[in-house]
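Examination of the molecular architecture
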Amino acid sequence: MDSNEIISAADIFSARINENTIWIFINLKLTNGIEGWGEATLNKKEKIIYELAKIKLPKLVGLSLNELSLKLKAESISDNLPNAAFYSAINAAFIDLIAKNQKISLANHIGVLKNSEIDLYANFNRRTRDRSLKGIKKSVEFVRDHGFNAYKFAPFDEIFPSQSKLDFHKSLTAGLERIDVIKNEIGKEAKLMIDCHWRFQEHLIDILIQELIHFDIYWLECPILENVNLTKNIKIIRNKVNKKGIKLAGLETCIKKTDFEPFLKDGCYDVVMPDVKYVGGPIKMVELANYIKKYGSEFSPHNPSGPICHAHSLQ
């Protein structure tokens, strides 16, 4: 790293994708013209991100790479998601700068380049704005035709933890119908992951599992709230789905290693899903990947955001 290079500009950019999605990008530029990019997209928190940028970005201009490195190391990541997203974006942009300045890929800079190809799944939930069965069929056909053989979708729009058991059964049926449409389109050989977005009450999980068996799903994600007081309960759910040949995945909103630790120690999940946007950027992701593997869980980067987070996750 050429520590003499100076940050000449630090900017924030946004792109409105649709009425529900705004991508937010952080750009750092060196005096030699090299640019690094990070992403701080956070749905419905855009104003907070921009307020943070207004305060913090001007303070980066004029710093050398060495000074910025020391500054980032001195700052601890926050437990607050908007602050974590902004901090992670700055770190990601900084690491991107370093790799480009060295004329190497980010993966080579991190030191984890092991595979020329990696497997990806298509999360087509957010792109599926028409939630009717016809709309879902059209959306999954689009994704399938782009060559994917693994898919993720969140079908349970109508389910909420507070609803009655009668309403739950009606809502569950709607979600199962969506899964049925998806499974019919992707075929038996493709992997299907079902994201629950913490919508289920624990005492109703057995009903969910029983209904999912014949769909042969690959993993069930975030069925109940991820509270440290519920680790034993989540482990029980893991054991139940494992007996049906299904993996349990989660922990996408954890930030610090200490947030992941109680869930890992209690063996809650088969698949742990840190998000590069929350945990502090690519370097922290690698540290977490190694930490997660020590507990025997699989590591799968989470990203419902935009192309910069996607690129960092791939690296």
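Preceding block: the structure.
Okay, so let's go over this structure. (Residues numbered from 1 in each chain as written. Predicted model: local features only at pLDDT ≥ 70, side-chain atom pairs only at ≥ 80, totals over all residues. Heavy atoms only, no water.)

Along the backbone of the protein there are twelve helices and ten strands. For the protein, the spread of C-alpha atoms along the three principal axes comes to 65 × 40 × 40 Å. Residues counted as buried form 49% of the 315 residues belonging to the protein. By sequence separation, contacts in the protein at least 24 residues apart represent 69% of the contacts at least 6 residues apart. Element-wise, carbon and sulfur atoms account for 51% of the exposed surface of the protein, whose accessible area totals about 15,600 Å². Averaging the coordinates of the 43 positive side-chain charges in the protein and doing the same for the 39 negative ones gives two points 2 Å apart. (Helix = DSSP H or I, 4+ residues; strand = E, 2+ residues; numbered from the N terminus. Buried < 20%, exposed > 50% of the residue type's maximum accessible area, 1.4 Å probe, protein only. Contact = heavy atoms within 4.5 Å. Areas by Shrake-Rupley, 256 points an atom, 1.4 Å probe, with all protein chains shown as cover. Lys, Arg positive; Asp, Glu negative; His and termini not counted. Charge placed at Lys NZ, Arg CZ, Asp CG, Glu CD.)

Pairing is antiparallel across the open sheet formed by three strands, whose spatial order is β1-β2-β3. Every other strand in the sheet has two partners, leaving β1 (7-18) and β3 (35-39) as the edge strands with one partner each. Between one strand axis and the next, the sheet turns through 20° on average, direction left out of account. Packed onto the sheet, helix α1 (residues 46-56) meets β1 and β2 (21-30) and runs at close to 170° relative to β1. In the packing of helix α12 (residues 307-314) onto the sheet, the strands contacted are β2 and β3, and the crossing angle to β3 comes to about 100°. (Pairing = 2+ DSSP bridges. Axes fitted to C-alpha atoms, helices over the stretch in contact; angles between N-to-C directions.)

Turning our attention to the layout of surface pockets. Think of a ball as big as a water molecule: rolled over the atoms, this probe shows where empty space is left. The calculated volume of the second largest pocket comes to roughly 330 Å³. Considering the residues around the second largest pocket, the lining is formed by 19 residues, among which Leu72, Lys73, Asn91, Ile95 and Ile283 are closest to the centre. Where the lining of the second largest pocket is concerned, the elements lending two or more residues are α2 (65-74), α3 (81-101) and α11 (282-294). Tallied by class, residues from the lining of the second largest pocket come to nine nonpolar, six polar and four charged. (1 Å grid on protein atoms, 1.4 Å probe; cavity = no way out; pocket = protein on both sides within 12 Å on 5 of 7 lines; lining within 4 Å. Points joined across faces, edges and corners; volume = space filled by probe spheres on them. Nonpolar A, V, L, I, M, F, W, Y, C, P; charged D, E, K, R; others polar.)

In terms of nonpolar packing, the biggest core is built from 50 residues, with Phe156, Phe200, Leu208 and Leu220 touching the most fellow members. At seven residues, helix α6 (residues 165-186) tops the list of elements feeding residues into this core. Every residue in contact with Phe200, bar those within four places of it in the chain, is listed here: Phe156, Ile159, Phe168, Leu172, Ile205, Leu208, Pro223 and Ile224. Leu52, Ala93, Phe94 and Ala99 belong to the second largest nonpolar core, which has 37 residues in total. (Core = buried A, V, L, I, M, F, W, Y, C linked by side-chain atoms within 4.5 Å.)

Let's shift gears to the packing of α1 against α3. Helix packing geometry: the angle between the two helix axes and the distance between the axes. Their axes nearest at 10 Å, the elements α1 and α3 cross at an angle of 50°. Accordingly, the angle class assigned to the pair α1 and α3 is oblique. Between α1 and α3 lies a crossing whose hand is right-handed. Contacts from Ile48, Ile49, Leu52, Ala53 and Lys56 of α1 reach α3 at Pro82, Asn83, Ala85 and Phe86. For the contact of α1 with α3, the residue count by class is seven nonpolar, one polar and one charged. (Parallel < 35°, antiparallel > 145°, perpendicular 65-115°, else oblique. Left-handed = near helix turned anticlockwise from the far one by under 90°.)

Read these as layout, nothing more, since geometry by itself doesn't imply function.
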